[in-house]
Amino acid sequence: MAAQVFGSILVGLVVSAVLFLPLLVWQYRRYGRFDALRMLWTTAGFIYATAIVAFTVFPLPEFTPGYCAAHATEPLFDPLRFPRELIDLIQTQGAMAVASDWLVWEFTLNMVLFIPFGLIVRRVFEWPRGVVLAAALGTSVLIELTQLTGNWGLAPCPYRFADTTDLVTNTTGAVIGMGLEKITPRLLSTKSHLLARRDRARPVTRGRRLLGMLLDAWYLVLAAVLGGTIASTIYAITQGGPGQALTPAQLLELQQAIFLGAWLAAMVIVVVPALIGTGASLGQRTVYLAPVPKHGSRSRLLVRALVVQGAIPTGLFLGFPTALLSPLLALAAIVSVSITPGGLSGVVSGCGWRDARLPAPGRPDDTQAARGSIGRGATHPGDQS
């Protein structure tokens, strides 16, 4: 059991780390801000989902020859099995035996396993209680079917008991979880609270700028992978199609094509956003940031995009020794933002920063509203730093 618990925590944390940036993008587009507590609850949800899999599927037995003939399980469809066996236990061994018998512990643990289901689903998703109850029952049915079919045929035979009693205990656990959700402190902003404040401008902080930079790095990696994949596919097709053996010279050309495709794709997502709209990068647009160039110069917006975000992939593309400068430039950008929200790109290009939900400088509020601005708000002291 300890291995399953620690394994669930480890896998849940890994899944949370992998999905952190997609969840961050979703949070900002949905609620207009980063909510750390909601992210923590989401992480708890991943850990819990992993725990359900761990406790209902693992550990896998060693399916040696003859294992299924000797150990294959049969489904337990008797809904009164638990009370009947409990009465028999008390009559044969006495009431004191109840506390130590596995029958009772199994019944209790099946309820405990689904208490977090009612608490997490109700609190994070805010589904109606009837929907949460139906979801808990549906999940329990899915678990029992998984055990009944031997992991849907992936195992040579069923090795866990599919028990209709578990449907009752699991659903009861979810009901207890919903009760705990009602009486425990919320410590989590409701969806309605977050949505009501979604359109309000917020200060431009160092943390928010760093989040934008982190997302920009993620977008660059995604674009580079996509560009390199497209370039390698095109090269393979022009050289006779996939599966053809390549000569050493062709392998070198393929490598160059991959690097070129990755660089071009990265530069597209650097340059194009700088030339349209507010001129903010994709990461900055995600966290509702907009640069404010002096005199509204579009060229300054392009310089701002190229000085760090464009220079890093270019340095990597040019190879040694230029590639060595890219990590140093990235570090300098991070350090500069830690000192001032303007950052290195803002200092070099002469651009300030504002919340994208504020009206653009020099534009009347009614004009900005007519263009579909996402809300208004007073300028914060940190917005132009």
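Anyway, here's the lowdown on the structure attached to this text. This is a predicted model, so every value here is computed, not measured.

Within the protein chain, the secondary structure is distributed over 15 helices and two strands. Viewed in the frame of its principal axes, the protein chain has a C-alpha envelope of about 90 × 65 × 35 Å. A buried classification covers 38% of the 385 residues belonging to the protein chain. Within the protein chain, counting contacts between residues at least 6 apart in sequence, those at least 24 apart form 72% of the total. When the accessible surface of the protein chain is totalled, it reaches about 20600 Å², and 72% of it is carbon and sulfur. On the protein chain, the mean spot of the 30 positive side-chain charges and the mean spot of the 20 negative ones are 20 Å from each other.

Moving on, we come to the nonpolar core. The biggest cluster of nonpolar side chains holds 20 residues, and the ones touching the most others in it are Leu24, Tyr28, Leu215 and Val287. Within the residue set of this core, elements represented by two or more residues are α1 (2–31), α9 (206–238) and α10 (248–275). When neighbours within four sequence positions are excluded, Leu215 is seen to be in contact with Leu21, Leu24, Val25, Gly283, Thr286 and Val287. Membership of the second largest hydrophobic core comes to 17 residues, among which are Phe117, Val121, Ala135 and Ala174.

A few words on the side chain of Asp35. Position of Asp35 relative to the elements: it lies in the loop between α1 and α2 (36–57). Polar side-chain contacts of Asp35 include one of 3.2 Å to the backbone nitrogen of Leu37. Only 2.9 Å separates the side chain of Asp35 from the backbone nitrogen of Arg38, close enough to count as a polar contact. Contact partners of Asp35, with chain neighbours within four places excluded, come to Gln27, Leu188, Ser189 and Leu194.

Bringing the pairing of strand β1 (residues 289–293) into the picture now. Most of β1 is tucked away: five of the five residues are buried. Burial of the side chains of β1 extends over both faces: Leu289, Pro291 and Pro293 are buried on one face and Ala290 and Val292 on the other. Relative to strand β2 (residues 351–355), β1 runs antiparallel, the two sharing five bridges. Residue Pro291 lies in a different strand from β2, and its bridge partner there is Trp353.

What follows is about the pairing of β2. Of all the five residues making up β2, five are buried; the element is thus mostly covered by neighbouring parts of the structure. Alternating residues of β2 divide into Cys351, Trp353 and Asp355 and Gly352 and Arg354, and every residue in both groups is buried.

Let us now look at the state of the cysteines. Counted according to the given criterion, the structure contains one disulfide. One disulfide in the model links Cys68 with Cys157; its S-S distance is 2.3 Å. What sets the handedness of the Cys68 and Cys157 disulfide is the S-S torsion sign, and at about -85° it is left-handed. Of the two residues, Cys68 is situated in helix α3 (residues 67–71) and Cys157 in the loop between α6 (129–148) and α7 (165–183); the sequence distance between them amounts to 89 residues. Since its relative accessible area comes to 7%, Cys157 is described here as buried.

A rise of 1.5 Å per residue sets the reference length of α10, with its 28 residues, at 40 Å; its end C-alpha atoms lie 41 Å apart and thus fit the reference within 8%. For α10, every residue scored as buried is listed here: Gln250, Leu254, Ala257, Gly261, Ala262, Ala265, Ala266, Met267, Ile269, Val270, Pro273 and Ala274. Turning to α10, the residues buried within the fold contact α9, α11 (282–286) and α12 (298–318). Following α10 by one or two positions, Gly277 has its phi on the positive side, about 60°.

For the rest of this paragraph, the subject is the pattern of salt bridges. Close approach of charged atoms lets side chains of opposite charge pair. On inspection of all chains with the given rule, the structure shows nine salt bridges. Among the ionic pairs, Glu85 bridges to Arg81, the shortest N-O distance being 3.3 Å. Here Glu85 pairs with Arg81, and both are found in helix α4 (residues 81–93), just four residues apart, close to one helical turn. With a closest N to O distance of 2.3 Å, Arg81 and Asp163 form a salt bridge.

Cut-offs used in this document
- Residues numbered from 1 in each chain as written.
- Predicted model: local features only at pLDDT ≥ 70, side-chain atom pairs only at ≥ 80, totals over all residues.
- Heavy atoms only, no water.
- Helix = DSSP H or I, 4+ residues; strand = E, 2+ residues; numbered from the N terminus.
- Buried < 20%, exposed > 50% of the residue type's maximum accessible area, 1.4 Å probe, protein only.
- Contact = heavy atoms within 4.5 Å.
- Areas by Shrake-Rupley, 256 points an atom, 1.4 Å probe, with all protein chains shown as cover.
- Lys, Arg positive; Asp, Glu negative; His and termini not counted.
- Charge placed at Lys NZ, Arg CZ, Asp CG, Glu CD.
- Core = buried A, V, L, I, M, F, W, Y, C linked by side-chain atoms within 4.5 Å.
- Polar contact = N/O pair within 3.5 Å; in protein donor to acceptor, adjacent residues only side chain to side chain.
- Pairing = 2+ DSSP bridges.
- Disulfide = S-S within 2.5 Å.
- Expected span 1.5 Å × (residues − 1).
- Salt bridge = Lys/Arg side-chain N within 4 Å of Asp/Glu carboxyl O.

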